[in-house]
Amino acid sequence: MARVSGSLPCWDLSNVFPALESEELKRAIARCEAGLNELERYLDEHAISKSARRSDDAAIELALNGYLERVNDLIALYHTVGAYIPSFVATDSFNQTARRMLSEIEPLGVRLQQIDVRFSGWVGAIADALPRVTARGGPAQAHAFYLRETAEQSRYLMSEPEEGLAAELSLSGANAWSKLQGTITSQLTVDFARNGKVEKLSMPALINVMQHDPDPEVRRRAYEVELAAWETVKEPLAAAMNGVKGAVNTLDKRRGRKDPLHAALDHARIDRETLDAMLDAMQDSFPAFRRYLRAKARRLGHASGLPWWDLMAPITQDGRTYAWQEARDFILEHFATFSPRLENLARRAFDQQWIDAEQRPGKRAGAFCMSVPLVKESRILCNYDGSLDQVSTIAHELGHAFHNECIYAAGKTELQSITPMTLAETASILCETIVTDAALAEARTPSEELAILETDLIGKTQVIVDITSRYLFEMEVFRRRAKAELSADELCELMLRFQKETYGDGLDERYLHKFMWTWKPHYYFAGLSFYNFPYAFGLLFGLGLYAIYKQRGAAFVPEYGALLASTGEATVADLAARFGIDVRDRAFWKGSLDLIEARIERYLSL
Ligand SMILES: [Zn+2]
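These numbers were taken from a predicted model, which means no experiment stands behind them. (Residues numbered from 1 in each chain as written. Predicted model: local features only at pLDDT ≥ 70, side-chain atom pairs only at ≥ 80, totals over all residues. Heavy atoms only, no water.)

A. Examining the overall build of the protein chain more closely. Across its full length, the protein chain carries 24 helices and five strands. A compact globule built from 606 residues would reach a C-alpha radius of gyration of about 25 Å, and the protein chain, at 25 Å, matches this within 12%. Overall size of the protein chain, expressed as C-alpha extent along the three principal axes, is 75 × 55 × 50 Å. Here the contacts in the protein chain between residues at least 6 apart in sequence split such that 76% fall between residues at least 24 apart. In the form shown here, the protein chain has an accessible surface area of approximately 26,100 Å², with 52% of it arising from carbon and sulfur atoms. (Helix = DSSP H or I, 4+ residues; strand = E, 2+ residues; numbered from the N terminus. Rg over C-alpha atoms; globule rule 2.2 N^0.38 Å. Contact = heavy atoms within 4.5 Å. Areas by Shrake-Rupley, 256 points an atom, 1.4 Å probe, with all protein chains shown as cover.)

Spelled out as structure tokens, the structure:
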């Protein structure tokens, strides 16, 4: 892994609150509590509940507008506190004060959720008055999409006491299973010999060795040790999977959902036709991905496809490294070719210390961007190592910050800007693509170009091919779980079956990964089934928009900003139609996949 010299920035949130133990933060938390009390009283006073007696339009309008104003303010305050305190935990998990404060504010979030359930039930009960009330202007009209969606989704709520009981029981049911999966997979350790000494490695550390160690022999051994380790905990993990999927099946049935996919599609704001069009196009692209995998296998000396431990392996050491200042300049230069607005936002992020880039003990891995509503800014966490991969990660997170900026600048409220996972990656993928394209254009040697393409294709293979294997696996697990529990061995068999169906002869059949279901946390979130296809959607939709930008140039930019500002105010199909995109048409998805295939062809020619 590349290393950077010189100091890297840490983020600064002192304009939000002066310190963790400041009076200002205490007062903000107290305001949150007071706001919740007041809102709960408000619901009582205006008889806002599922079983409320019908009232006239004027009373409904009054109750709605008052609620929307209050709840938006409260959510903005809660999200700001809920960004500030975790910012200390994310960068220093040893910070006991921050951890204690975080667990103290969590119950506030639960109360907010209960208020939401009550309000949703009421909106369902007054649904037929909504078209008249939202036509009369004011906050109700400004939130027409949110209210319509809430009314539609309220059909899938059980009675208030049933929902309350389900929420409480989830703590000792599905949530407990999910926590068990987290505990087992994070506490399991193995002894691993490397460089003449034996180390105790956690599973994430071992997986990191398996994926990225420069020595192929070390990667292979790590793979074998990993599989053997999962073998020892497969039974409790299978029990956790059965517990979570069983609970989801039961609740879905009681709530009147058609099948386990139903809720996931509604949350993603797409329909089945759209998902099928995308998945079919992805399926059609598998032969190209398999050609890439076989070519990579040959480069690494494997005759019959790539073994699992080489999926993410580096093929060359020729990647360029970027000092922090170079990364900043590179990003700003190429963002400027897109729009001054994007460049300005990125410049603010760099200059006003929105980014925490340094790697240090106790800081969480990976990268994310969070919005801080009260100051209308974002903050970005990453672990910068000087590689191009990290430069494009920063560009990606800056894309999220730009998305937030478009929402703030348009004056949208919290409830107007609830963005589905399918659209959340629109801006980030576009920014990432700008940077990767620029790096490819500037590559000085074929082997540097190859290194860039390799990094890019490793990621794309995960999002298109591996995601499909996870989607098919989850679908089959839900189907079988409805009839009986699945054994650990049955889960392994299914995993292998879907890896073979998707990767095909790109991978060596003897060395697949039957335990991928054990450690991906997404399978164990009861509230987030099928947390896989939205990744593919985000990538392909972002690439599709990028292709339109390439055709239309500057004319595209303001329309794009308007799209980002309204990702919480329409279905995905309606928003896409503004750009002439038909998400139900397989041809649109094929167009995005063609861009990836062109990169594969280039890779094969080098
Ligand atoms: Zn992202």
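B. Molecular detail of the packing of helix H14 (residues 340–351) against helix H15 (residues 388–409). At a minimum axis separation of 10 Å, H14 and H15 run at an interaxial angle of 110°. Accordingly, the angle class assigned to the pair H14 and H15 is roughly perpendicular. Packed against H14, whose contacting residues are Arg341, Leu342, Leu345, Ala346, Arg348, Ala349 and Phe350, the element H15 presents Ile394, Leu398, Ala401, Phe402, Glu405, Cys406 and Ala409 at the interface. In the contact of H14 with H15, the residues fall into 11 nonpolar, no polar and three charged. (Axes fitted to C-alpha atoms, helices over the stretch in contact; angles between N-to-C directions. Parallel < 35°, antiparallel > 145°, perpendicular 65-115°, else oblique. Nonpolar A, V, L, I, M, F, W, Y, C, P; charged D, E, K, R; others polar.)

C. View of the pattern of salt bridges. Inspection of every chain in the model, using the stated rule, returns 51 salt bridges. Between aspartate 44 and arginine 118 there is a salt bridge whose closest N-O contact spans 2.7 Å. A residue pair is termed long-range when its members are at least 10 positions apart, and aspartate 44 in helix H1 (residues 23–45) and arginine 118 in helix H3 (residues 96–125) qualify at 74 residues. Under the relative-accessibility criterion, arginine 118 is labelled partly exposed at 22%. With its nearest N and O atoms 3.0 Å apart, the salt bridge here joins lysine 245 to glutamate 474. (Salt bridge = Lys/Arg side-chain N within 4 Å of Asp/Glu carboxyl O. Buried < 20%, exposed > 50% of the residue type's maximum accessible area, 1.4 Å probe, protein only.)

D. Expanded view of the state of the cysteines. All told, the structure shown has zero disulfides when counted by the stated rule. Cysteine 10 takes part in no disulfide bond, and the closest cysteine sulfur, belonging to cysteine 382, lies 11 Å away. (Disulfide = S-S within 2.5 Å.)

E. View of the environment of arginine 99. Structurally, arginine 99 can be placed in helix H3. Each C-alpha atom, one on arginine 99 and one on serine 14, is 19 Å from the other, the two residues being 85 residues apart in sequence. Not counting the four nearest positions on each side in its chain, arginine 99 is found in contact with Val89 and Ser93.

F. Molecular detail of the side chain of threonine 426. Among the structural elements, threonine 426 can be located in helix H17 (residues 426–442). A relative accessible area of 1% places threonine 426 in the buried class. One polar contact links the side chain of threonine 426 to the main-chain carbonyl oxygen of leucine 423, over a distance of 2.7 Å. Other than its neighbours up to four places away in sequence, threonine 426 contacts Phe541, Gly542, Leu545, Tyr560, Leu563 and Leu564. (Polar contact = N/O pair within 3.5 Å; in protein donor to acceptor, adjacent residues only side chain to side chain.)

G. Structural detail: the coordination of the zinc ion. Within the protein, His396 (NE2), His400 (NE2), Glu425 (OE) and Glu425 (OE) serve as the donor atoms for the zinc ion, at 2.1 to 2.7 Å. Seen from the zinc ion, its four donor atoms lie at angles of 51 to 137°, and the figure they make is irregular. Sequence spacing of the donor residues for the zinc ion, all on one chain, is H-x3-H-x24-E. With a gap of 29 residues between them, histidine 396 in helix H15 and glutamate 425 in the loop between helix H16 (421–424) and H17 connect regions that are remote in the sequence. With respect to burial, histidine 396 and glutamate 425 carry one shared label: buried. (Donors = N, O, S within 2.8 Å, 3.2 Å for Na, K, Ca; no water. Tetrahedral: all angles 85-135°; square planar, octahedral: opposite > 155°, others 65-115°.)

H. Here's a closer look at H1. With 23 residues, H1 should cover 33 Å at 1.5 Å per step; its first-to-last C-alpha distance of 32 Å lies within 8% of that length. Restricting attention to buried positions, one finds in H1 the residues Leu25, Ala28, Ile29, Cys32, Gly35, Leu36, Leu39, Tyr42 and Leu43. Summarising the contacts, the buried residues of H1 are in contact with helix H2 (57–91) and H3. Phi turns positive one or two residues past the end of H1, at alanine 47, with a value near 50°. (Expected span 1.5 Å × (residues − 1).)

I. Representation of the side chain of lysine 296 in the model. Within the secondary structure layout, lysine 296 lies in helix H12 (residues 272–299). For lysine 296, the contacting residues outside a window of four places in its chain are Leu306, Asp310, Leu311, Met312, Ala313, Ile315, Glu454, Ile458 and Tyr603.

J. Layout of the nonpolar core. Membership of the largest hydrophobic core comes to 143 residues, with the highest contact counts inside it found for Phe335, Ile355, Phe473, Trp517, Phe533, Tyr560 and Ile596. Looking at which element gives the most residues to this core, the answer is H12, with 13 residues. A domain-level breakdown of this core finds at least three residues from each of domain 2 (237–316 + 448–524) and domain 3 (319–444). Apart from residues no more than four positions distant in its own chain, isoleucine 596 is found in contact with Phe289, Leu457, Lys460, Ile464, Leu539, Leu540 and Leu543. (Core = buried A, V, L, I, M, F, W, Y, C linked by side-chain atoms within 4.5 Å. Domains from an automatic or database assignment.)

K. Looking closely at the domain arrangement of the protein chain. Split into domains, the protein chain comes out as domain 1 (23–170), domain 2 (237–316 + 448–524) and domain 3 (319–444). Between domain 1 and domain 2, the contact holds nine residues from the first and eight residues from the second. When the buried area of domain 1 at its contact with domain 2 is split by residue, Gln153, Tyr156 and Met158 rank highest and sum to 61% of it. Here domain 1 is connected to domain 2 by three salt bridges. We note a salt bridge from arginine 269 to glutamate 149, for which the minimum N-O separation is 2.7 Å. Looking at the side of domain 1 that touches domain 2, the elements that each hand over two or more residues are helix H6 (144–154) and helix H7 (160–170). Taken together, the residues of the side of domain 1 that touches domain 2 break down into four nonpolar, one polar and four charged. (Buried area = accessible area lost by both parts, 1.4 Å probe.)

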